[in-house]
Amino acid sequence: MISNVNYKAAGNTEQVNTSPAAAGEVNAIEMLSVEKVYPNGTRALRPVDLKIKEGEFVTLLGPSGCGKSTLLKMIAGLEDTSDGRLLLWKKPVDQIEETGHSLSFVFQEASLMPWHSVRKNVSMALELDNIPSKEAKPRIDKALKLVGLDRFADALPRELSGGMQMRVSIARGLVVNPDLLLMDEPFGALDEITRFRLDSDLLDLWRDNGLTVVFVTHSIHEAVFLSQRVIVMAARPGRVVADIKIDEPFPRKSEFRMTQRFSEYAMQLHEYLMDAAAEEDQF
Ligand code: ADP
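The model shown is predicted, which means the values in this text are computed figures rather than measured ones.

Asker: Just checking my understanding: could you explain the site of the ligand for this structure?
Answerer: As a matter of local geometry, the ligand sits amid Tyr-38, Asn-40, Thr-42, Ala-44, Pro-63, Ser-64, Gly-65, Cys-66, Gly-67, Lys-68, Ser-69 and Thr-70. Interatomic distance of 3.0 Å between a backbone N/O atom of Gly-67 and an oxygen atom of the ligand. Thr-70 places a polar side-chain atom, nitrogen or oxygen, 2.5 Å from an oxygen atom of the ligand. Here the shell around the ligand gets three residues from one element, more than from any other, and that element is helix α1 (residues 68–76). Looking at side-chain class alone, the shell around the ligand contains four nonpolar, seven polar and one charged residues.

In C-alpha coordinates, the structure reads:
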(Lines give C-alpha, C1' and ligand atoms only; values in the text may rest on other atoms or scores of the structure.)
Protein backbone atom coordinates (compact mmCIF):
# COMPACT_ATOMS: atom_id res chain seq x y z
CA MET A 1 0.00 0.00 0.00
CA ILE A 2 1.21 3.48 -0.78
CA SER A 3 0.11 6.53 0.97
CA ASN A 4 0.88 10.01 -0.09
CA VAL A 5 1.25 11.47 3.34
CA ASN A 6 1.06 15.22 3.09
CA TYR A 7 1.69 16.37 5.77
CA LYS A 8 20.77 13.37 22.02
CA ALA A 9 23.37 12.05 20.16
CA ALA A 10 23.05 8.29 20.08
CA GLY A 11 25.72 7.26 22.51
CA ASN A 12 26.81 4.27 20.52
CA THR A 13 26.73 5.70 17.04
CA GLU A 14 29.96 5.42 15.12
CA GLN A 15 30.44 7.91 12.32
CA VAL A 16 32.49 6.42 9.52
CA ASN A 17 33.39 8.09 6.26
CA THR A 18 30.40 10.39 6.30
CA SER A 19 30.74 13.45 4.17
CA PRO A 20 29.57 16.59 5.96
CA ALA A 21 26.99 18.63 4.11
CA ALA A 22 28.82 21.02 1.82
CA ALA A 23 27.80 24.68 1.77
CA GLY A 24 24.55 25.12 -0.09
CA GLU A 25 23.40 21.54 0.33
CA VAL A 26 19.95 21.22 1.81
CA ASN A 27 18.99 18.73 4.49
CA ALA A 28 15.79 16.96 3.46
CA ILE A 29 15.64 15.20 6.85
CA GLU A 30 17.09 16.26 10.18
CA MET A 31 16.74 14.17 13.32
CA LEU A 32 17.97 15.43 16.64
CA SER A 33 17.77 12.96 19.51
CA VAL A 34 14.67 11.35 18.03
CA GLU A 35 13.48 8.43 20.12
CA LYS A 36 10.49 6.15 20.30
CA VAL A 37 8.78 4.40 23.16
CA TYR A 38 5.48 2.75 22.18
CA PRO A 39 2.48 3.17 24.49
CA ASN A 40 2.94 -0.43 25.73
CA GLY A 41 6.39 0.52 27.03
CA THR A 42 8.46 -1.02 24.22
CA ARG A 43 11.52 1.15 23.69
CA ALA A 44 11.84 0.83 19.92
CA LEU A 45 14.61 3.39 19.42
CA ARG A 46 17.27 5.01 21.53
CA PRO A 47 17.98 8.65 20.57
CA VAL A 48 18.92 8.97 16.90
CA ASP A 49 20.82 11.87 15.34
CA LEU A 50 20.73 11.75 11.57
CA LYS A 51 20.82 14.18 8.66
CA ILE A 52 19.92 13.17 5.13
CA LYS A 53 20.64 15.57 2.31
CA GLU A 54 18.29 16.34 -0.53
CA GLY A 55 18.92 13.88 -3.34
CA GLU A 56 20.68 11.26 -1.22
CA PHE A 57 19.96 7.54 -1.36
CA VAL A 58 20.23 6.26 2.20
CA THR A 59 19.50 2.76 3.47
CA LEU A 60 18.53 1.70 6.97
CA LEU A 61 20.06 -1.76 7.50
CA GLY A 62 19.59 -4.03 10.48
CA PRO A 63 17.98 -7.18 11.85
CA SER A 64 14.26 -7.52 12.57
CA GLY A 65 13.16 -5.47 15.54
CA CYS A 66 15.94 -2.86 15.40
CA GLY A 67 13.45 -0.07 14.71
CA LYS A 68 13.91 0.45 10.95
CA SER A 69 10.17 0.62 10.22
CA THR A 70 9.56 2.74 13.29
CA LEU A 71 12.16 5.25 12.13
CA LEU A 72 10.75 5.32 8.60
CA LYS A 73 7.18 5.74 9.86
CA MET A 74 8.22 8.61 12.08
CA ILE A 75 9.79 10.33 9.05
CA ALA A 76 6.47 9.83 7.22
CA GLY A 77 4.45 11.16 10.14
CA LEU A 78 2.72 7.79 10.46
CA GLU A 79 4.12 7.39 14.00
CA ASP A 80 4.73 10.13 16.53
CA THR A 81 8.19 10.67 17.96
CA SER A 82 8.39 10.21 21.73
CA ASP A 83 11.16 12.77 22.09
CA GLY A 84 13.60 14.82 20.04
CA ARG A 85 13.14 16.89 16.91
CA LEU A 86 12.38 15.58 13.44
CA LEU A 87 12.33 18.06 10.58
CA LEU A 88 11.69 17.67 6.85
CA TRP A 89 13.08 20.61 4.92
CA LYS A 90 13.34 22.45 8.25
CA LYS A 91 9.67 21.97 9.19
CA PRO A 92 7.92 19.41 11.39
CA VAL A 93 6.54 16.47 9.40
CA ASP A 94 2.92 17.63 9.59
CA GLN A 95 3.91 20.92 7.94
CA ILE A 96 5.70 19.44 4.93
CA GLU A 97 3.18 21.01 2.56
CA GLU A 98 4.39 24.45 3.64
CA THR A 99 7.88 23.56 2.41
CA GLY A 100 6.60 22.88 -1.11
CA HIS A 101 7.74 19.26 -0.86
CA SER A 102 5.89 15.98 -0.58
CA LEU A 103 6.63 12.39 0.28
CA SER A 104 5.40 8.91 -0.55
CA PHE A 105 5.63 5.72 1.44
CA VAL A 106 5.99 2.33 -0.25
CA PHE A 107 5.15 -0.59 2.03
CA GLN A 108 6.50 -4.13 1.84
CA GLU A 109 3.26 -5.49 0.42
CA ALA A 110 2.02 -4.09 -2.87
CA SER A 111 -1.54 -4.17 -1.41
CA LEU A 112 -3.32 -3.49 -4.69
CA MET A 113 -7.09 -3.43 -5.04
CA PRO A 114 -7.67 -6.78 -6.82
CA TRP A 115 -10.85 -5.68 -8.59
CA HIS A 116 -9.26 -2.52 -10.06
CA SER A 117 -6.98 -2.26 -13.09
CA VAL A 118 -3.36 -1.20 -12.79
CA ARG A 119 -4.33 2.28 -14.01
CA LYS A 120 -7.11 2.62 -11.43
CA ASN A 121 -4.85 1.42 -8.63
CA VAL A 122 -2.33 4.14 -9.51
CA SER A 123 -4.98 6.82 -10.04
CA MET A 124 -6.40 6.30 -6.55
CA ALA A 125 -3.36 8.06 -5.09
CA LEU A 126 -4.32 11.17 -7.08
CA GLU A 127 -8.05 10.89 -6.31
CA LEU A 128 -7.16 11.16 -2.64
CA ASP A 129 -5.67 14.57 -3.51
CA ASN A 130 -8.70 15.54 -5.64
CA ILE A 131 -6.60 15.88 -8.80
CA PRO A 132 -8.97 16.30 -11.78
CA SER A 133 -8.94 13.38 -14.20
CA LYS A 134 -7.70 15.53 -17.12
CA GLU A 135 -4.56 16.35 -15.15
CA ALA A 136 -4.32 12.88 -13.66
CA LYS A 137 -4.16 10.94 -16.93
CA PRO A 138 -0.75 12.14 -18.19
CA ARG A 139 0.69 11.74 -14.71
CA ILE A 140 -0.53 8.15 -14.47
CA ASP A 141 0.80 7.41 -17.96
CA LYS A 142 4.17 8.84 -16.99
CA ALA A 143 4.36 6.90 -13.70
CA LEU A 144 3.47 3.62 -15.44
CA LYS A 145 6.08 4.29 -18.11
CA LEU A 146 8.70 5.02 -15.47
CA VAL A 147 8.19 1.59 -13.93
CA GLY A 148 7.91 -0.12 -17.33
CA LEU A 149 4.24 -1.03 -17.04
CA ASP A 150 2.67 1.24 -19.67
CA ARG A 151 1.54 -1.81 -21.67
CA PHE A 152 -0.21 -3.27 -18.63
CA ALA A 153 -2.39 -0.30 -17.67
CA ASP A 154 -5.62 -2.24 -18.18
CA ALA A 155 -4.48 -5.49 -16.56
CA LEU A 156 -5.80 -6.68 -13.23
CA PRO A 157 -3.32 -7.30 -10.38
CA ARG A 158 -3.85 -11.09 -10.54
CA GLU A 159 -2.56 -11.05 -14.11
CA LEU A 160 0.79 -9.64 -12.95
CA SER A 161 3.84 -11.27 -11.36
CA GLY A 162 4.90 -10.28 -7.84
CA GLY A 163 7.62 -8.02 -9.24
CA MET A 164 5.15 -6.29 -11.55
CA GLN A 165 2.71 -5.77 -8.68
CA MET A 166 5.47 -4.09 -6.72
CA ARG A 167 6.16 -1.89 -9.75
CA VAL A 168 2.50 -0.80 -9.62
CA SER A 169 3.00 0.04 -5.96
CA ILE A 170 6.06 2.13 -6.84
CA ALA A 171 4.13 3.86 -9.65
CA ARG A 172 1.44 4.73 -7.09
CA GLY A 173 4.16 6.33 -5.01
CA LEU A 174 5.68 8.22 -7.94
CA VAL A 175 2.45 9.54 -9.43
CA VAL A 176 2.14 12.15 -6.70
CA ASN A 177 5.55 13.56 -7.76
CA PRO A 178 7.20 13.06 -4.38
CA ASP A 179 10.53 14.63 -3.47
CA LEU A 180 11.06 12.05 -0.75
CA LEU A 181 10.42 8.34 -1.31
CA LEU A 182 10.30 6.19 1.83
CA MET A 183 10.47 2.46 1.11
CA ASP A 184 9.96 -0.21 3.75
CA GLU A 185 11.56 -3.46 2.49
CA PRO A 186 9.70 -3.10 -0.80
CA PHE A 187 11.40 -6.04 -2.51
CA GLY A 188 11.66 -8.33 0.52
CA ALA A 189 9.06 -10.81 -0.73
CA LEU A 190 10.46 -11.12 -4.26
CA ASP A 191 12.82 -13.69 -5.74
CA GLU A 192 16.44 -12.65 -6.05
CA ILE A 193 16.53 -12.13 -9.80
CA THR A 194 13.44 -9.91 -9.77
CA ARG A 195 14.85 -8.08 -6.79
CA PHE A 196 18.15 -7.37 -8.57
CA ARG A 197 16.25 -5.98 -11.56
CA LEU A 198 14.06 -3.75 -9.40
CA ASP A 199 17.10 -2.56 -7.44
CA SER A 200 18.68 -1.39 -10.71
CA ASP A 201 15.45 0.20 -11.93
CA LEU A 202 15.01 2.00 -8.62
CA LEU A 203 18.48 3.52 -8.93
CA ASP A 204 17.57 4.79 -12.41
CA LEU A 205 14.33 6.31 -11.06
CA TRP A 206 16.19 7.94 -8.19
CA ARG A 207 18.82 9.49 -10.45
CA ASP A 208 16.48 10.55 -13.24
CA ASN A 209 13.94 12.19 -10.93
CA GLY A 210 16.18 13.82 -8.34
CA LEU A 211 14.48 11.94 -5.51
CA THR A 212 15.64 11.64 -1.93
CA VAL A 213 15.23 7.97 -0.98
CA VAL A 214 15.25 6.31 2.43
CA PHE A 215 15.17 2.55 1.90
CA VAL A 216 14.74 -0.10 4.60
CA THR A 217 16.27 -3.54 4.17
CA HIS A 218 17.83 -6.35 6.17
CA SER A 219 19.89 -7.44 3.18
CA ILE A 220 23.52 -6.41 3.41
CA HIS A 221 24.02 -6.92 -0.33
CA GLU A 222 20.99 -4.86 -1.28
CA ALA A 223 22.21 -2.07 1.01
CA VAL A 224 25.67 -2.03 -0.60
CA PHE A 225 24.32 -2.11 -4.14
CA LEU A 226 21.80 0.70 -3.71
CA SER A 227 23.14 3.17 -1.25
CA GLN A 228 25.29 6.22 -1.02
CA ARG A 229 25.12 5.79 2.75
CA VAL A 230 24.12 2.85 4.92
CA ILE A 231 22.81 3.52 8.41
CA VAL A 232 23.57 0.34 10.35
CA MET A 233 21.11 -0.40 13.14
CA ALA A 234 20.99 -2.93 15.95
CA ALA A 235 18.20 -4.34 18.12
CA ARG A 236 17.44 -4.68 21.84
CA PRO A 237 17.34 -1.73 22.14
CA GLY A 238 16.88 -0.34 18.64
CA ARG A 239 19.72 2.03 17.85
CA VAL A 240 22.02 3.36 15.13
CA VAL A 241 25.52 1.92 15.35
CA ALA A 242 27.26 3.18 12.20
CA ASP A 243 26.89 5.47 9.23
CA ILE A 244 28.87 4.09 6.30
CA LYS A 245 29.51 5.78 2.99
CA ILE A 246 29.43 3.51 -0.08
CA ASP A 247 31.83 5.47 -2.19
CA GLU A 248 31.13 4.00 -5.62
CA PRO A 249 30.07 5.88 -8.74
CA PHE A 250 26.65 5.65 -10.37
CA PRO A 251 25.27 4.19 -12.53
CA ARG A 252 26.08 0.91 -10.80
CA LYS A 253 25.91 -2.03 -13.09
CA SER A 254 25.08 -5.50 -11.80
CA GLU A 255 28.77 -6.40 -12.29
CA PHE A 256 29.44 -4.22 -9.23
CA ARG A 257 28.02 -7.09 -7.17
CA MET A 258 30.92 -9.29 -8.33
CA THR A 259 33.74 -6.91 -7.42
CA GLN A 260 36.26 -7.07 -4.61
CA ARG A 261 35.10 -3.66 -3.39
CA PHE A 262 31.51 -4.86 -3.14
CA SER A 263 32.67 -7.79 -0.97
CA GLU A 264 34.73 -5.46 1.21
CA TYR A 265 31.75 -3.18 1.83
CA ALA A 266 29.55 -6.19 2.59
CA MET A 267 32.14 -7.55 5.01
CA GLN A 268 32.43 -4.18 6.75
CA LEU A 269 28.66 -3.96 7.24
CA HIS A 270 28.53 -7.58 8.36
CA GLU A 271 31.14 -6.88 11.04
CA TYR A 272 29.21 -3.90 12.37
CA LEU A 273 26.06 -5.99 12.56
CA MET A 274 27.87 -8.85 14.32
CA ASP A 275 29.58 -6.54 16.81
CA ALA A 276 26.28 -4.84 17.59
CA ALA A 277 24.48 -8.17 18.01
CA ALA A 278 27.12 -9.21 20.55
CA GLU A 279 26.27 -6.11 22.59
CA GLU A 280 22.52 -6.73 22.60
CA ASP A 281 20.76 -6.47 25.92
CA GLN A 282 23.83 -5.00 27.61
CA PHE A 283 22.13 -1.62 27.94
P1 ADP B 1 12.14 -3.43 12.27
O2 ADP B 1 11.44 -2.64 11.21
O3 ADP B 1 13.61 -3.15 12.34
O4 ADP B 1 11.86 -4.90 12.20
P5 ADP B 1 10.21 -2.23 14.06
O6 ADP B 1 10.37 -0.77 13.92
O7 ADP B 1 9.07 -2.87 13.36
O8 ADP B 1 11.59 -2.94 13.70
O9 ADP B 1 10.06 -2.59 15.62
C10 ADP B 1 10.99 -2.14 16.59
C11 ADP B 1 10.49 -2.60 17.95
O12 ADP B 1 9.26 -1.94 18.25
C13 ADP B 1 10.20 -4.09 18.02
O14 ADP B 1 10.51 -4.54 19.32
C15 ADP B 1 8.70 -4.16 17.78
O16 ADP B 1 8.13 -5.30 18.39
C17 ADP B 1 8.23 -2.90 18.47
N18 ADP B 1 7.01 -2.34 17.86
C19 ADP B 1 6.79 -2.02 16.56
N20 ADP B 1 5.57 -1.51 16.39
C21 ADP B 1 5.00 -1.49 17.62
C22 ADP B 1 3.72 -1.06 18.12
N23 ADP B 1 2.80 -0.53 17.29
N24 ADP B 1 3.48 -1.20 19.43
C25 ADP B 1 4.42 -1.71 20.26
N26 ADP B 1 5.63 -2.13 19.88
C27 ADP B 1 5.92 -2.02 18.57
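Asker: Looking at this structure, how should I read the packing of helix α2 (residues 118–127) against helix α4 (residues 162–174)?
Answerer: Helix-helix packing is characterised by the crossing angle of the two axes and by the distance between the axes. At their nearest, the axes of α2 and α4 sit 8 Å apart, and the two run at 35 degrees to each other. Crossing hand, α2 versus α4: right-handed. Counting all contacts with α2, which are made through Val-118, Asn-121, Val-122 and Ala-125, the residues of α4 involved are Val-168, Ala-171 and Arg-172. Partitioned by chemical class, the residues of the contact of α2 with α4 number five nonpolar, one polar and one charged.

Asker: Quick question: what am I supposed to make of the side chain of His-101 here?
Answerer: You can see His-101 is positioned in the loop between β7 (91–92) and β8 (103–106). Residue class for His-101 comes out buried when judged on its relative accessible area of 19%. Among the polar contacts listed, one links the side chain of His-101 to the side chain of Trp-89, at a separation of 3.3 Å. At 2.9 Å, the side chain of His-101 and the backbone oxygen of Thr-99 are in polar contact. Contacts of His-101, omitting those with residues within four sequence positions, involve Glu-54, Trp-89, Ile-96 and Asp-179.

Asker: Any chance you could explain the pattern of salt bridges here in plain terms?
Answerer: Close approach of charged atoms lets side chains of opposite charge pair. Under the definition given, this model contains 15 salt bridges. Between Glu-127 and Lys-120 there is a salt bridge, with the nearest N and O atoms lying 3.1 Å from each other. Judged by its relative accessible area of 30%, Lys-120 falls in the partly exposed class. Shared partners join several salt bridges into a network, and the residues in it are Glu-56, Arg-229 and Asp-243.

Asker: It is not clear to me how helix α7 (residues 260–278) should be interpreted in this structure. Could you clarify?
Answerer: Every α-helix carries 3.6 residues per turn, so stepping three or four residues along brings you back to the same face. Here α7 is 19 residues long and its end C-alpha atoms lie 27 Å apart, about the 27 Å a rise of 1.5 Å per residue gives. For α7, the complete set of buried residues consists of Phe-262, Tyr-265, Ala-266, Leu-269, Tyr-272, Leu-273 and Ala-276. Along the axis of α7, the buried residues cluster in a sector spanning 120 degrees; they form a single face. Along α7, exposed side chains directed more than 90 degrees from the buried face belong to Gln-260, Asp-275 and Ala-278.

Asker: Teacher, can you tell me more about the pairing of strand β4 (residues 43–53) here?
Answerer: A regular strand places its side chains so that they alternate between the two faces of the sheet. Most of β4 is tucked away: eight of the 11 residues are buried. For strand β3 (residues 27–37) and β4, the ladder comprises seven bridges, and the chain directions are antiparallel. Bridge assignment links Met-31 to a residue of β4, and that residue is Leu-50.

Asker: Would you explain the sheet that holds β7 in this entry?
Answerer: Within a sheet, each strand pairs with its neighbour through backbone hydrogen bonds, oriented either parallel or antiparallel. Across the sheet, which stays open at both edges, the four strands sit in the order β4-β3-β6-β7 with antiparallel pairing between neighbours. Of all the strands in the sheet, the pair left with one neighbour each is β4 and β7. In terms of strand pairing, strand β6 (residues 83–88) meets β7 through two bridges, oriented antiparallel. From the neighbouring strand, Leu-88 faces β7, where its bridge partner is Lys-91. Relative to β3, α1 is tilted by about 125 degrees, and along the sheet it contacts β3, β4 and β6.

Thresholds, definitions, all that
- Residues numbered from 1 in each chain as written.
- Predicted model: local features only at pLDDT ≥ 70, side-chain atom pairs only at ≥ 80, totals over all residues.
- Heavy atoms only, no water.
- Near = heavy atom within 4 Å.
- Polar contact = N/O pair within 3.5 Å; in protein donor to acceptor, adjacent residues only side chain to side chain.
- Helix = DSSP H or I, 4+ residues; strand = E, 2+ residues; numbered from the N terminus.
- Nonpolar A, V, L, I, M, F, W, Y, C, P; charged D, E, K, R; others polar.
- Axes fitted to C-alpha atoms, helices over the stretch in contact; angles between N-to-C directions.
- Left-handed = near helix turned anticlockwise from the far one by under 90°.
- Contact = heavy atoms within 4.5 Å.
- Buried < 20%, exposed > 50% of the residue type's maximum accessible area, 1.4 Å probe, protein only.
- Salt bridge = Lys/Arg side-chain N within 4 Å of Asp/Glu carboxyl O.
- Expected span 1.5 Å × (residues − 1).
- Arc of directions from axis to C-beta.
- Pairing = 2+ DSSP bridges.

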